[in-house]
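Read off the chains here:
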Amino acid sequence: MKKLIKFILSLIKVLLVAVVVLFVVYFWNLDQKVLGWAYKQVNAMFDRKKVDQVF
């Protein structure tokens, strides 16, 4: 019985941490900020490449 209670408490802790992390990401709009940064990095990589122009 103690193992079951210990497992349930650890599961609740993990779920609580996940909810807090998701709330912080949502509240500060961090997902859009990370995607904006990644988009700039990808564009910087591809802007440096020479483009093969086929006519």
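Below, the structure is looked at part by part. Bear in mind the structure is a predicted one, so any value in this text is a computation, not a measurement.

The rules behind these values
- Residues numbered from 1 in each chain as written.
- Predicted model: local features only at pLDDT ≥ 70, side-chain atom pairs only at ≥ 80, totals over all residues.
- Heavy atoms only, no water.
- Helix = DSSP H or I, 4+ residues; strand = E, 2+ residues; numbered from the N terminus.
- Rg over C-alpha atoms; globule rule 2.2 N^0.38 Å.
- Buried < 20%, exposed > 50% of the residue type's maximum accessible area, 1.4 Å probe, protein only.
- Areas by Shrake-Rupley, 256 points an atom, 1.4 Å probe, with all protein chains shown as cover.
- Phe/Tyr/Trp six-rings, centres within 6.5 Å; stacked < 30°, edge-to-face > 60°.
- Patch = residues over 30% accessible without salt bridge, like charges linked within 9 Å, V, L, I, M, F, W, Y side chains within 5 Å.
- Salt bridge = Lys/Arg side-chain N within 4 Å of Asp/Glu carboxyl O.
- Expected span 1.5 Å × (residues − 1).

Bringing the overall build of the protein into the picture now. Helix and strand counts for the protein come out as two helices and zero strands. For 55 residues, the compact-globule formula gives about 10 Å, and the C-alpha radius of gyration of the protein, at 22 Å, lies well above that figure. By the burial criterion, 0% of the 55 residues in the protein qualify as buried. Of the roughly 6,000 Å² that the protein leaves accessible, carbon and sulfur atoms contribute 73%.

Here the focus is the packing of aromatic side chains. Per the counting criterion, the structure on display carries two aromatic pairs. With a centroid separation of 5.7 Å and 25° between ring planes, the pair formed by Phe23 and Phe27 is classed as stacked. In this pair, Phe23 and Phe27 both sit in helix H1 (residues 2-27), four residues apart, roughly one turn of the helix. In terms of burial, Phe23 and Phe27 fall into one category: exposed. Ring centres of Phe27 and Trp28 lie 5.6 Å apart, and the angle between their planes is 75°; this geometry places the pair in the edge-to-face category.

Taken together, the side chains of Met1, Leu4, Ile5, Phe7, Ile8, Leu9, Leu11, Ile12 and Leu15 define a hydrophobic patch exposed on the protein surface, amounting to about 930 Å² of accessible area. Tracing the sequence through the fold places Ile5 in helix H1.

Below, the discussion takes up unusual backbone geometry. Even without being a glycine, Asn29 presents a positive backbone phi close to 55°. Within the secondary structure, Asn29 sits in the loop between H1 and helix H2 (30-48). Look at Asn29 and you get partly exposed, because its relative accessible area is 38%.

With 26 residues, H1 should cover 38 Å at 1.5 Å per step; its first-to-last C-alpha distance of 37 Å lies within 8% of that length. Along H1, only zero of the 26 residues are buried, which leaves the element largely exposed. Phi turns positive one or two residues past the end of H1, at Asn29, with a value near 55°.

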